[in-house]
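# Examining the three-dimensional arrangement
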Amino acid sequence: MTCAQMGGPCTAEVVGATKEEMMANGMAHMDAAHPEMAADIKAMPHDDPKMIAWNEKFNADWETTPEN
Ligand SMILES: [Zn+2]
């Protein structure tokens, strides 16, 4: 998946063997490349509607992006 697919502003490739790994690697990329965005995400409560919508999109993209 790309950073953009995960809601980020660039097209860097983020890879992970599992959904959890992908999410962790995406977050690591955010920390490294977009620290302000990473801070915003970390400050957001997990039951925030935006966070729930993000999770649904992430799960859908994960299912439709087979090779990485
Ligand atoms: Zn990025």
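Residues numbered from 1 in each chain as written. Predicted model: local features only at pLDDT ≥ 70, side-chain atom pairs only at ≥ 80, totals over all residues.

### Examining helix α1 (residues 19-33)
- Helix length check: α1, at 15 residues, gives a terminal C-alpha distance of 21 Å against a target of 21 Å (1.5 Å per residue), a fit within 8%.
- Those residues of α1 that sit buried are Met22, Gly26 and Met30. Summarising the axial view, the buried residues of α1 lie within an arc of 75 degrees, below the 170-degree limit, and thus occupy one face. Projecting away from the buried face of α1 at angles above 90 degrees are the exposed residues Glu20, Glu21, Ala28 and Ala32.
- Along its buried surface, α1 packs onto α2 (35-43) and α3 (49-64). (Helix = DSSP H or I, 4+ residues; strand = E, 2+ residues; numbered from the N terminus. Expected span 1.5 Å × (residues − 1). Buried ≥ 20, exposed ≤ 12 C-beta atoms within 10 Å, placed from the backbone. Arc of directions from axis to C-beta. Contact = placed C-beta atoms within 7 Å.)

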